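Chain residues, written in single-letter form:
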Amino acid sequence: MNDTVDKLVIFLAKRDGIDKLVKTFQYVSKLVNWHVEKTYPEFATRAKQWEVASGLSRKAFRSGRFLTGFNALRRSPGTSSGFRLLAVLANSGEMVYFFFDHFLWLSRIGVMDSKYAKRMSFISAFGESVGYVFFIISDFILISRGLKAERKLLTEEEESKETEGEIKKIRMDRIMRLMAVAANIADLIIALAEIEPNPLCNHTVTLGISGLVSAWAGWYRNWPS
């Protein structure tokens, strides 16, 4: 059985794994900068630089990531017409997000004119929020179906190892989907802060906590079993 170091190596070998680690750095440094901005301005500046560098690094790691949504639609669009529609809407939003995120990254590092950064950020965040809404709806539907299937199995008179295995599988799937919902809601808050700036979503604490919830939910989902 793999020990913790083995699992960490496997986790960090994945693109999603390293993304979640750097995302943790990004939002921890964001909260640190906010907390010490007035008391330790020099340290706050270093924390801000870490935040910016982490954010730009994550965008570089995500190069070509928009193809993931395209491949998901190509390989497994859904088991019914309703789920196929949800999959198209969710993955299309995600593809817009990751595709325009390339141009946002290029604008921020100076390859493209920086005047395009705000527009690219808005388009990317809008696609991101659309994708998250439909991913959340899909997960809630599947969680509901899982609960019904679990209740049906629990009401059976004869229990077997096969039944216990099915129940365990349903419960594990539910935990993973709840983690996905938590991450998507947290990322939706961050996207809304870009689309329609407001005091609640744009507050540093709100953004910091949302980013960490998303990162740590991703840690849980991607951590090797």
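Per an unreviewed UniProt entry, the protein carries the name Peroxisomal membrane protein 11-4 and comes from Nicotiana tabacum. A UniProt comment under Subunit (unreviewed entry) is attached to the protein, and it reads "Homooligomer. Interacts with ARC5 and FIS1B on peroxisomes." Regarding the protein, the UniProt comment filed under Function (unreviewed entry) reads as follows: "Involved in peroxisomal proliferation. Promotes peroxisomal duplication, aggregation or elongation without fission."

Undergrad: Would you take a moment to explain the overall build of the protein for this structure?
TA: Looking only at helices and strands, the protein features eight helices and zero strands. Along the chain direction, N to C, the helices and strands of the protein fall in the order α-α-α-α-α-α-α-α. Projecting the C-alpha coordinates of the protein onto the three principal axes gives extents of approximately 65 × 40 × 35 Å. Put simply, the protein has 225 residues, and 37% of those count as buried. Contacts in the protein between residues far apart in sequence, at least 24 positions, make up 70% of those at least 6 positions apart.

Undergrad: Mind showing me how you'd approach the pattern of salt bridges here?
TA: A side chain with one charge can pair with a side chain of the opposite charge if their charged atoms come near. Applying the stated criterion across every chain, the model contains 14 salt bridges. Put simply, Asp19 and Lys20 hold a salt bridge, and the shortest N to O gap is 3.5 Å. A single network of salt bridges, built from pairs that share partners, joins Asp19, Lys20, Arg58, Lys59, Arg62 and Asp101.

Undergrad: Just checking my understanding: could you explain the packing of helix α2 (residues 15-36) against helix α3 (residues 41-61) for this structure?
TA: Pairs of packed helices are described in terms of their axes, by the angle between the two and the distance that separates them. Interaxial distance between α2 and α3 falls to 8 Å at its minimum, and their mutual angle equals 155 degrees. Regarding the angle of α2 to α3, the classification is roughly antiparallel. Relative to α3, α2 is oriented so that their crossing is left-handed. Partitioning the contact of α2 with α3 into residue classes produces eleven nonpolar, seven polar and seven charged.

Undergrad: Help me understand a nonpolar patch on the surface, please; the structure alone is not making it clear to me.
TA: Nonpolar side chains collect at one region of the surface, where Val133, Ile137 and Ile141 lie side by side and expose about 190 Å² of accessible area between them. Structurally, Ile141 is set in helix α6 (residues 117-154). Ile141 gets classed as partly exposed once you look at its relative accessible area, which sits at 31%.

Undergrad: What exactly am I supposed to notice about the packing of helix α4 (residues 66-75) against helix α5 (residues 81-108) here?
TA: Direction vectors running N to C along α4 and α5 enclose 160 degrees, while the axes themselves pass 7 Å from each other. As summarised for this structure, α4 and α5 are arranged roughly antiparallel, according to the angle between their axes. Seen from above, α4 lies across α5 with left-handed handedness. Along the contact surface, α4 presents Phe66, Gly69, Phe70, Ala72 and Leu73, while α5 presents Ala87, Val88, Asn91, Glu94, Met95, Phe98, Phe99 and His102. For the contact of α4 with α5, the per-class residue count stands at nine nonpolar, three polar and one charged.

Calculation criteria
Residues numbered from 1 in each chain as written. Predicted model: local features only at pLDDT ≥ 70, side-chain atom pairs only at ≥ 80, totals over all residues. Heavy atoms only, no water. UniProt positions renumbered as here; feature names shortened; annotations may be inferred. Helix = DSSP H or I, 4+ residues; strand = E, 2+ residues; numbered from the N terminus. Buried < 20%, exposed > 50% of the residue type's maximum accessible area, 1.4 Å probe, protein only. Contact = heavy atoms within 4.5 Å. Salt bridge = Lys/Arg side-chain N within 4 Å of Asp/Glu carboxyl O. Axes fitted to C-alpha atoms, helices over the stretch in contact; angles between N-to-C directions. Parallel < 35°, antiparallel > 145°, perpendicular 65-115°, else oblique. Left-handed = near helix turned anticlockwise from the far one by under 90°. Nonpolar A, V, L, I, M, F, W, Y, C, P; charged D, E, K, R; others polar. Patch = residues over 30% accessible without salt bridge, like charges linked within 9 Å, V, L, I, M, F, W, Y side chains within 5 Å. Areas by Shrake-Rupley, 256 points an atom, 1.4 Å probe, with all protein chains shown as cover.

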